[in-house]
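# What the coordinates show
These are the residues of each chain, in order.
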Amino acid sequence: MIHLKTEEQIDGIRKACHLTADMFNELLPKIHAGMSTKDIDNLFKNYILGHGGTPAWYKEDFPGAVCISINNEVIHGLPSKKRIVRDGDLVSLDVGIDLDGYISDTTHSVLIGNVKPEVRKLKEVTEECLKAGIAACVVGNRISDIANAVFEIADKHGYGVVYDYCGHGVGLDVHEDPSVPNCPFKGANPRIKPGMVLAIEPMINLGTPDVEVADDGWTVLTADGAVSCHEEHTVAVFVDHTEVLTALDYKNK
């Protein structure tokens with residue numbers, strides 16, 4: 001069931017999303033080679049708790065505040081003292097904040113040091129995919145319009161678009177209906193309506209779109225070991241526009 005949010009609910013979600021944006025603006029410059037993924041998780045956890053929130057991933061029984069995925073890890077990478085960020089890595093940071101019962105969700109991928117040109121391009125194209133998906137998320141369109149917009153850009157560059165995982169509704173829970181795929185699909189294809197709050201999140205691979213789950217039961221890996229990039233924003237749909245609630249530059253809009 002799709003939960004259309006009221007203006008009051010969207011305002012609460014917006015506050016959680018703006019806090020998430022503030023957090024990324026402060027903490028992204030602090031991510032560097034030599035850090036463990038546990039160090040990164042502690043940075044974000046302390047920020048969230050220090051600002052009156054709770055890591056949203058705790059609701060999913062995830063053992064950390066942040067999903068930290070490196071290179072061929074697509075999503076749901078586990079924080080660990082043993083996993084060290086290296087020069088040349090692409091690191092995806094997937095974070096949500098539960099603030100007074102309202103939930104944000106966003107992902108930013110970070111390039112560490114001397115990254116290969118093909119990895120830098122992958123990040124640029126994934127960001128382009130996200131922008132296209134958001135542009136297609138308007139009243140009167142359908143969820144498939146978001147999926148097709150993302151897929152067309154990634155496919156044009158020969159990248160694999162992950163189909164086993166996708167975006168989703170968000171705001172009152174971490175994962176809500178509807179699902180928001182990133183590639184053509186069969187099945188439910190609801191029309192986009194005012195009051196929808198969606199997490200749009202392209203997951204784009206340098207190689208095959210196929211993925212597998214690691215032995216830890218959480219980390220999703222590319223099946224061929226190629227690098228993957230993940231970008232995500234929470235957006236709210238209004239009658240005449242769509243607002244990117246987690247935009248890092250929201251204060252300038």
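Everything quoted here is computed from the prediction, not taken from an experiment.

## Points about the overall build of the chain
Helix and strand counts for the chain stand at 4 helices and 17 strands. Against the 2.2 N^0.38 benchmark of 18 Å for 253 residues, the chain shows a C-alpha radius of gyration of 17 Å, consistent with a compact globule. Judged by the C-alpha coordinates and their principal axes, the chain covers about 45 × 45 × 35 Å. In the chain, buried positions account for 56% of the 253 residues. Contacts spanning at least 24 positions in sequence make up 69% of the contacts within the chain whose residues lie at least 6 apart. For the chain, the exposed surface amounts to about 10,700 Å²; the carbon and sulfur share of it is 49%. The average position of the 23 basic charges and that of the 38 acidic charges among the side chains of the chain differ by 3 Å.

## Quick look at the environment of Leu111
For Leu111, the position within the fold is in strand E7 (residues 106-111). Sequence separation between Leu111 and Leu49 is 62 residues; the distance between their C-alpha atoms is 26 Å. Those residues in contact with Leu111 that sit more than four places away from it in its chain are Asp89, Leu90, Val119, Arg120 and Lys123.

## Thoughts on the environment of Phe238
Here Phe238 is to be found in the loop between strand E16 (233-237) and strand E17 (242-244). Residues in contact with Phe238, not counting those within four places in the same chain, are Ile10, Arg14, Val139, Pro194 and Glu243.

## Concerning helix H4 (residues 143-156)
Note that an α-helix has 3.6 residues per turn; residues three or four places apart therefore point the same way. In this model, H4 (14 residues) spans 20 Å end to end at C-alpha, consistent with the 20 Å of a helix rising 1.5 Å per residue. Among all positions of H4, only Ile143, Ser144, Ile146, Ala147, Ala149, Val150, Ile153 and Ala154 are buried. Downstream of H4 by a residue or two, Gly158 has a phi angle that is positive, lying close to 80°.

## Some details on the sheet that holds strand E2 (residues 66-70)
Two pairing modes exist for strands in a sheet, parallel and antiparallel, and in both the strands are linked by backbone hydrogen bonds. Pairing within the open sheet is antiparallel, and its 3 strands lie in the order E2-E4-E7. In the strand order of this sheet, the two ends are held by E2 and E7, each with one partner. Between one strand and the next, the sheet's axes are offset by a mean angle of 20°, whatever the strand orientation. Alignment of strand E4 (residues 90-95) against E7, held across 6 bridges, turns out to be antiparallel. Within E7, the position partnered with Leu93 by the bridge is His108. Of the strands in this sheet, E4 and E7 are in contact with helix H1 (residues 7-27), which crosses E4 at around 150°. Sheet strands touched by helix H3 (residues 117-135): E4 and E7. Its angle to E7, the strand with the most contacts, is close to 155°.

## With respect to the packing of H1 against helix H2 (residues 37-50)
Packing of H1 against H2 brings their axes to within 11 Å, and their N-to-C directions diverge by 140°. Considering their axes alone, H1 and H2 lie oblique with respect to each other. The element H1 and its partner H2 pack so that their crossing is right-handed. Contacts from Leu19, Asp22, Met23, Phe24, Glu26 and Leu27 in H1 reach Leu43, Phe44, Tyr47 and Ile48 in H2.

## Some details on unusual backbone geometry
The bulk of non-glycine residues show a negative phi, and the bulk of peptide bonds are trans. Asp177 connects to Pro178 through a cis peptide bond whose omega is 0°. Structurally, the position occupied by Pro178 is in strand E10 (residues 176-180). Not every positive phi belongs to a glycine, and His76 is a case in point at roughly 65°. By secondary structure assignment, the location of His76 is in the loop between strand E3 (73-75) and E4. His76 gets classed as buried once you look at its relative accessible area, which sits at 14%. In this model, Asp100 sits at a positive phi of 55°, which is unusual for a non-glycine residue.

How each quantity is defined
- Residues numbered from 1 in each chain as written.
- Predicted model: local features only at pLDDT ≥ 70, side-chain atom pairs only at ≥ 80, totals over all residues.
- Heavy atoms only, no water.
- Helix = DSSP H or I, 4+ residues; strand = E, 2+ residues; numbered from the N terminus.
- Rg over C-alpha atoms; globule rule 2.2 N^0.38 Å.
- Buried < 20%, exposed > 50% of the residue type's maximum accessible area, 1.4 Å probe, protein only.
- Contact = heavy atoms within 4.5 Å.
- Areas by Shrake-Rupley, 256 points an atom, 1.4 Å probe, with all protein chains shown as cover.
- Lys, Arg positive; Asp, Glu negative; His and termini not counted.
- Charge placed at Lys NZ, Arg CZ, Asp CG, Glu CD.
- Expected span 1.5 Å × (residues − 1).
- Pairing = 2+ DSSP bridges.
- Axes fitted to C-alpha atoms, helices over the stretch in contact; angles between N-to-C directions.
- Parallel < 35°, antiparallel > 145°, perpendicular 65-115°, else oblique.
- Left-handed = near helix turned anticlockwise from the far one by under 90°.

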